[in-house]
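Coordinate inspection notes
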Amino acid sequence: MLHSLLRSVGTASRTALLGSSAGTKTILARPLLKARWMSSTAGKPIECFAAVAWEPKADYWNNALSVEKVVVQPPKSGEVRVKVTHTALCHTDAFTLSGEDAEGKFPCILGHEAAGIVESVGEGVKDIEVGDHVIPCYQAECYPEDQASDHCPRCRGYRVGKTNLCGKIRPFTGSGVMASDQDSRFTAQKDGSKLWHYMGTSTFSQYTVLHAESVAKIRKDAPLEKVNLLGCGLATGWGAVWNTAKVEEDSTCAIFGLGAVGLSVIEGCAKAKAKRIIAIDINPDKWEDAKAFGATEFVNPRDFDKPIQQVIVEKTGGGVDYSFECVGNTDLMRSALECTHIGWGQSVIIGVAGAGKEISTRPFQLVTGRVWKGTAFGGFKSRSQVPELVDKYLAGEVKIDEYITHNRNLTDINEAFELLHSGKCLRCVIWMGNDAPEA
Ligand SMILES: [Zn+2]
Ligand SMILES: [Zn+2]
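Residues numbered from 1 in each chain as written. Chains lettered and ligands numbered in written order. Predicted model: local features only at pLDDT ≥ 70, side-chain atom pairs only at ≥ 80, totals over all residues.

**Digging into the overall build of the protein**
Each helix and strand in the protein was counted, giving 14 helices and 17 strands. Its C-alpha radius of gyration of 22 Å places the protein within 12% of the 22 Å reference for a compact globule of 439 residues. Its C-alpha atoms put the protein at 70 × 55 × 40 Å along the principal axes. Across the 439 residues that make up the protein, the buried fraction comes to 50%. In the protein, of all internal contacts separated by at least 6 residues, the share reaching a separation of at least 24 is 72%. (Helix = DSSP H or I, 4+ residues; strand = E, 2+ residues; numbered from the N terminus. Rg over C-alpha atoms; globule rule 2.2 N^0.38 Å. Buried ≥ 20, exposed ≤ 12 C-beta atoms within 10 Å, placed from the backbone. Contact = placed C-beta atoms within 7 Å.)

Shown next, in the form of structure tokens:
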């Protein structure tokens, strides 16, 4: 109801409405922090607006989220409360919202591709201060102390460095709670009901609480309305190429699915100086974008009456060196594996398939040297490596702006999901202060 009310007023009055709500302690018009070490809201609950997912909805693009007031508790030990300035939508949010995600826990606050400013920190947080600019990371990264003291089940002893999938807080972020008390920091203002966290990030809220392990501190001259994209999609695509596949100069690559992640894979392959970069999608409109990001040729599976893997094998004289599945379709995963070259071809699964789905191929494909792998967050260690990606962007080495096709206010977040669903949107950035530039 509030949502329809907000939609019915103009941008200016909408901002005023949000900014002046009785009982709101801070929020929209708060000037940048005056004191570095303390903010006026530290230690107190904050009322602010969030897009709440009360229940899963199969047609996630059809007004599934309710923009309403929530109460965000102060950070407890080892936690950080962040004012989210910008968040983008990712297909994983849509996937969970649709009810396909086995880990989805409702009601909750979704969102995981964001940037913001630290409002306050809990006890024991050493490396993050009020006023720091940060990117929340759904894939957390523990500290050297955790590794030394055997606190992390995945980053210790001979395992150090084998994976970016730190296990220290994963059981909690996977079940929608904070580690210190296994509870949530969010409630709905209207009736006090508990709202669960999502991926340890919950960035569809003007304020969120994160584990310190999930917070990448970045330089302050980085535009938050752009670098929020480094929280998921782009890092995933580039990392799949550079960290997981380790594509070499002169190699031949095939990319299945040309959304934002697929395009960032193409960009990564171009940076790695691959010779042929074959972009594959059933929508021919995607070719122009793919070319702009570095693809050298386009293949539409609908133009052929034989399996796409056969088409690619024939086009490349035996198969590609590397392929990337960026859709989450298990049939396509098979095609991606089978279009790689005998002896050394590698296929990387990036897309997230629905709960219960399984992949298949003939074992002969693997016996003869093809390798099937997957990647999460592109193999990047979040806290330590996301700041390096920010540096790369500011040095002009990687694109971000070109992936942002839309900007919307928090009040219009459902419209943003509609855009994502339509396939016409690469990334839509949500301006949490309802200060999006006019489209
Ligand atoms: Zn994502
Ligand atoms: Zn760890």
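There is more to say, and it comes next.
**What to know about the sheet that holds strand β6 (residues 186-188)**
Ordered by their spatial adjacency, four strands build an open sheet running β1-β2-β6-β7, and the pairing between neighbours is antiparallel. Strands with a single pairing partner mark the edges of an open sheet, and in this sheet they are β1 (46-52) and β7 (194-195). (Pairing = 2+ DSSP bridges.)

**Digging into the nonpolar core**
Of all hydrophobic cores here, the largest spans 120 residues; its most connected members are Val227, Cys253, Ile255, Ile266, Phe324 and Val386. When residues of this core are assigned to domains, at least three map to each of domain 1 (2-231 + 400-431) and domain 2 (237-375). If we skip the residues at most four places from it in the chain, Val227 touches Ala115, Ile135, Ile218, Ala222, Val390, Tyr393 and Ile400. (Core = buried A, V, L, I, M, F, W, Y, C linked by C-beta atoms within 7 Å. Domains from an automatic or database assignment.)

**Side note on the sheet that holds strand β14 (residues 346-349)**
Strands sit in the order β12-β11-β10-β13-β14-β15 across an open sheet of six strands; the sheet is parallel. Unpaired on one side and paired on the other, β12 (297-299) and β15 (371-374) mark the two borders of the sheet. Each strand of the sheet is rotated relative to its neighbour by a mean of 20°, with strand direction disregarded. Lying over the sheet, helix α11 (residues 330-338) contacts β10 (252-256), β13 (322-325), β14 and β15, oriented at roughly 175° with respect to β13. (Axes fitted to C-alpha atoms, helices over the stretch in contact; angles between N-to-C directions.)

**With respect to the packing of helix α7 (residues 233-245) against helix α8 (residues 260-271)**
Closest axis-to-axis distance for the α7/α8 pair is 7 Å, and the angle between their directions is 40°. The angle between the axes of α7 and α8 places the two elements in the oblique class. Remark: the crossing between α7 and α8 carries right-handed chirality. Listed contacts from α8 to Gly233, Leu234, Thr236, Gly237, Trp238, Ala240, Val241 and Trp242 of α7 are Ala260, Val261, Ser264, Val265, Glu267, Gly268 and Cys269. A per-class count over the contact of α7 with α8 returns nine nonpolar, five polar and one charged. (Parallel < 35°, antiparallel > 145°, perpendicular 65-115°, else oblique. Left-handed = near helix turned anticlockwise from the far one by under 90°. Nonpolar A, V, L, I, M, F, W, Y, C, P; charged D, E, K, R; others polar.)

**A short note on the UniProt feature "domain: Alcohol dehydrogenase-like N-terminal" (unreviewed entry) in the protein**
UniProt tags residues 77-218 as "domain: Alcohol dehydrogenase-like N-terminal" (unreviewed entry). As a span, residues 77-218 carries 11% helix and 26% strand, and end to end its C-alpha atoms are 22 Å apart. (UniProt positions renumbered as here; feature names shortened; annotations may be inferred.)

**Topic: the UniProt feature "domain: Alcohol dehydrogenase-like C-terminal" (unreviewed entry) in the protein**
The UniProt feature table records "domain: Alcohol dehydrogenase-like C-terminal" (unreviewed entry) at residues 260-391. Helix makes up 38% of residues 260-391 and strand 15%, and the two end C-alpha atoms of the span are 20 Å apart.

**Overview of the environment of Lys315**
Position of Lys315 relative to the elements: it lies in helix α10 (residues 308-315). On the basis of neighbour counts, which here come to 16 C-beta atoms within 10 Å, the residue Lys315 falls in the partly exposed class. Lys315 sits 76 residues away from Gly239 along the chain, and the two C-alpha atoms are 27 Å apart.

**Overview of helix α14 (residues 413-422)**
Looking only at α14, the buried set comprises Ile413, Asn414, Ala416, Phe417, Leu419 and Leu420. As for α14, its buried residues are in contact with β1, β2 (66-72), α3 (91-97), β16 (404-409) and β17 (427-431). Immediately downstream of α14, the backbone of Gly423 shows phi near 80°, a positive value.

**What about the pairing of strand β5 (residues 133-136)?**
A two-sided burial pattern is seen for β5, the buried positions comprising His133 and Ile135 on one face and Val134 and Pro136 on the other. With two bridges joining them, strand β4 (residues 113-121) and β5 adopt antiparallel strand pairing. Looking across to β5, one finds that Gly116 is bridged to Val134. Pairing of β5 with strand β9 (residues 215-218), which is carried by four bridges, proceeds in the antiparallel orientation.

**Brief notes about the domain arrangement of the protein**
Assigned domains within the protein: domain 1 (2-231 + 400-431) and domain 2 (237-375). For domain 1 versus domain 2, the distance between C-alpha centres works out to 32 Å. Taken residue by residue, the interface counts nine residues in domain 1 and seven residues in domain 2. In the side of domain 1 that touches domain 2, the residues fall into four nonpolar, two polar and three charged.

**What about helix α13 (residues 382-394)?**
End to end, α13 covers 18 Å across 13 residues, agreeing with the expected 18 Å (1.5 Å per residue, within 8%). In the core, the buried residues of α13 are packed alongside β5, β9, α6 (224-227) and α7. Of the residues trailing α13, Gly396 is marked for its positive phi of about 80°. (Expected span 1.5 Å × (residues − 1).)

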